[in-house]
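So you can see what is in the structure, the chains are spelled out below.
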Amino acid sequence: YPSTITYTCILKACGSVGALDMGKQIHDKILSKRLLENDTVLGNALVDMYAKCGFPVKAQKVLDDLHVQDAVSWNALITGFVQQELCREALFCFKKMQNNGFSSDEVTLICILKACGRIGAINTGKQIHGDIVNRGLLKKHIVLGNALVDMYATCGDLTRAQKVFEELPIRDIVSWSALIAGYAQHGHVNEVVDMLEKMEREDGLSPNDVTFLSILSGCSRSGRVDEAQTYYESMSTKYGITPNLEHHTCMVFVFGWAGLFDKAISVIEAMPTSDYSPVWNALLGSCQKWGKVNLALLAFDQAMKANNNLAAAYVAMATIYADAGMEEDAIKVEAMRTKNAYWNK
């Protein structure tokens, strides 16, 4: 018969590849053999499997039912919530973890700082910052320092992000990218130029694909079309970095949102593959803004070929039809969405 170690390994594999059905079968066997009663490691593996498969609520129930819990159990649950963008739930779990007497480690703190940044919970982030400083963790874990820079920058407190950045014992490309992303996101493009120069001059670091993705995302949020195009082109001409699908998608969003659809289409045509639903969703969103029905239909058809279970694409297309007074077409798209939702249950 399989041992608890075997089950633990299989659950880990299920979580890695998203094999939820197999994970559920293993869970049933574990329950039938009553193996969870005294095995914390096996319980943690179950929590982790459900969290990684995108079912953090089920992971929460498994955790609540465990006879013995530890920090690893809570880490798995909190990580799962953050991965599924359930950041408020992650913060709630973090407080519950503390109330139950479990001490957070660097894994927990990095996840929670990410959650704070995503929902703008800067006061909670400041409390965690104080805890990190009091425990002397910044000297031991550079990743924590980077997470703090990212949290403050994402929340818009660029002064504090800059201060944390300057106090880091070691700065790497992730540190710089986090700070640059914050400045770009909040429209401080001139500062971005200065920081790119400082990064190369002071620390001998060149921007990488992640740095440029941060810059392009920031430019797209602040509508900086010319700057975005300059950085996009400099990736290959100045730094020898080949733009990936995410970089292309950012530029399609930038051009489309500005109404420059010829440029947006040119970017798509230059991509190594058009079988990438996010880029068509980006174009579809721009079509919705500008009322471009025919182009929207093209984008919608391509998005469906890439992934026919994208609720956002159906909603956008239906809205575009409705805004254009094409009610029958809007109803047809909504019917398609309902049908696909049923078959993909």
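Scroll up a little and you will see the structure.
All figures in this text were calculated on a predicted structure; none of them were measured in a lab. (Residues numbered from 1 in each chain as written. Predicted model: local features only at pLDDT ≥ 70, side-chain atom pairs only at ≥ 80, totals over all residues. Heavy atoms only, no water.)

**Q** I keep staring at helix 12 (residues 189–203) and nothing clicks. Help me out?
**A** Three or four residues apart is the spacing at which side chains of an α-helix point the same way, because the helix has 3.6 residues per turn. Spanning 15 residues, helix 12 covers 21 Å between terminal C-alpha atoms, matching the ideal 21 Å at 1.5 Å per step. Looking at helix 12, one finds that the buried residues are Val189, Val192, Met195, Leu196 and Met199. Summarising the axial view, the buried residues of helix 12 lie within an arc of 105 degrees, below the 170-degree limit, and thus occupy one face. Relative to its buried face, helix 12 has exposed residues pointing more than 90 degrees away, namely Asn190 and Arg201. Packing partners of the buried residues in helix 12 comprise helix 11 (173–185), helix 13 (209–222) and helix 14 (225–237). Gly204, located one to two residues past helix 12, shows a positive phi value of around 65 degrees. (Helix = DSSP H or I, 4+ residues; strand = E, 2+ residues; numbered from the N terminus. Expected span 1.5 Å × (residues − 1). Buried < 20%, exposed > 50% of the residue type's maximum accessible area, 1.4 Å probe, protein only. Arc of directions from axis to C-beta. Contact = heavy atoms within 4.5 Å.)

**Q** Any chance you could explain the packing of helix 13 against helix 15 (residues 245–257) here in plain terms?
**A** The geometry of a pair of packed helices is captured by two quantities: the angle between their axes and the separation between those axes. One can describe the packing of helix 13 onto helix 15 by two numbers: an axis separation of 9 Å at closest approach and a directional angle of 15 degrees. As the angle between them shows, helix 13 and helix 15 are arranged roughly parallel. At the point where helix 13 passes helix 15, the crossing takes the left-handed sense. Facing Asp209, Phe212, Leu213, Leu216, Ser217 and Ser220 of helix 13, the residues of helix 15 in contact are Glu246, His247, Cys250, Met251, Phe253 and Val254. Among the residues forming the contact of helix 13 with helix 15, the class breakdown is seven nonpolar, three polar and two charged. (Axes fitted to C-alpha atoms, helices over the stretch in contact; angles between N-to-C directions. Parallel < 35°, antiparallel > 145°, perpendicular 65-115°, else oblique. Left-handed = near helix turned anticlockwise from the far one by under 90°. Nonpolar A, V, L, I, M, F, W, Y, C, P; charged D, E, K, R; others polar.)

**Q** Honestly, the layout of surface pockets in this entry has me stumped. Any pointers?
**A** Gaps left between atoms show up when a probe the size of a water molecule is rolled over them. Approximately 770 Å³ is the volume found for the largest pocket. For the lining of the largest pocket, the secondary structure elements donating two or more residues are helix 7 (106–119), helix 9 (142–155), helix 11, helix 13 and helix 15. The element that contributes the greatest number of residues to the lining of the largest pocket is helix 11, accounting for six residues. (1 Å grid on protein atoms, 1.4 Å probe; cavity = no way out; pocket = protein on both sides within 12 Å on 5 of 7 lines; lining within 4 Å. Points joined across faces, edges and corners; volume = space filled by probe spheres on them.)

**Q** Looking at this model, I keep getting lost on the packing of helix 2 (residues 20–32) against helix 3 (residues 40–52). Mind explaining?
**A** At their nearest, the axes of helix 2 and helix 3 sit 10 Å apart, and the two run at 155 degrees to each other. Overall, the two elements helix 2 and helix 3 adopt an arrangement that is roughly antiparallel. With respect to the hand of their crossing, helix 2 and helix 3 are arranged in left-handed fashion. Within the contact between the two elements, helix 2 uses Leu20, Gly23, Lys24, His27 and Ile30 and helix 3 uses Leu42, Leu46, Met49 and Tyr50. Of the residues in the contact of helix 2 with helix 3, the class split is six nonpolar, two polar and one charged.

**Q** What exactly am I supposed to notice about the environment of Tyr276 here?
**A** The topology assignment puts Tyr276 in the loop between helix 16 (261–270) and helix 17 (277–290). Taking C-alpha positions, Tyr276 is 7.8 Å from Leu245, a pair spaced 31 residues apart along the chain. Those residues in contact with Tyr276, other than ones at most four positions away along the chain, are Leu245, Glu246, Thr249, Met271 and Ala306.

**Q** Is there a simple way to think about empty space enclosed by the protein in this case?
**A** Enumeration over the complete set of coordinates arrives at one cavity of 30 Å³ or more. If you trace the largest cavity, you find it lined by Leu36, Glu37, Asn38, Asp39, Thr40, Gly43, Leu66, His67 and Val68. Partitioned by chemical class, the residues of the lining of the largest cavity number three nonpolar, four polar and two charged.

**Q** What is the right way to look at the packing of aromatic side chains in this model?
**A** Here the distance between the centres and the angle between the planes together describe a pair of aromatic rings. With the rule as written, the count across this model stands at five aromatic pairs. On the numbers, 6.4 Å between centres and 40 degrees between planes, the contact of Trp74 with Phe102 is tilted. Here the residue Trp74 occupies a position in helix 5 (residues 71–83), and Phe102 occupies one in the loop between helix 6 (87–99) and helix 7, the gap between them amounting to 28 residues. Plain terms: the ring middles of Phe165 and Trp176 are 4.7 Å apart, the flat faces sit at 75 degrees to each other, and that makes the pair edge-to-face. Of the two residues, Phe165 is situated in helix 10 (residues 158–167) and Trp176 in helix 11; the sequence distance between them amounts to 11 residues. When its relative accessible area of 2% is taken as the criterion, Phe165 is described as buried. (Phe/Tyr/Trp six-rings, centres within 6.5 Å; stacked < 30°, edge-to-face > 60°.)

**Q** Before we go on, may I ask you to explain the side chain of His248 in this structure?
**A** In this fold, His248 is placed in helix 15. Once residues within four sequence positions are removed from consideration, His248 is found in contact with Tyr232, Pro243, Val267, Met271 and Pro272.

**Q** Before we go on, may I ask you to explain the pattern of salt bridges in this structure?
**A** Throughout the structure, instances matching the rule amount to 12 salt bridges. Its salt-bridge partner being Glu37, residue Arg34 comes within 2.8 Å of it at the nearest N-O pair. Residue class for Glu37 comes out partly exposed when judged on its relative accessible area of 29%. Note that Asp64 is salt-bridged to Lys96, the shortest N-O span being 3.8 Å. Of this pair, Asp64 sits in helix 4 (residues 56–65) while Lys96 sits in helix 6, placing them 32 residues apart in sequence. Residue classification places Lys96 among the partly exposed positions, given a relative accessible area of 29%. (Salt bridge = Lys/Arg side-chain N within 4 Å of Asp/Glu carboxyl O.)

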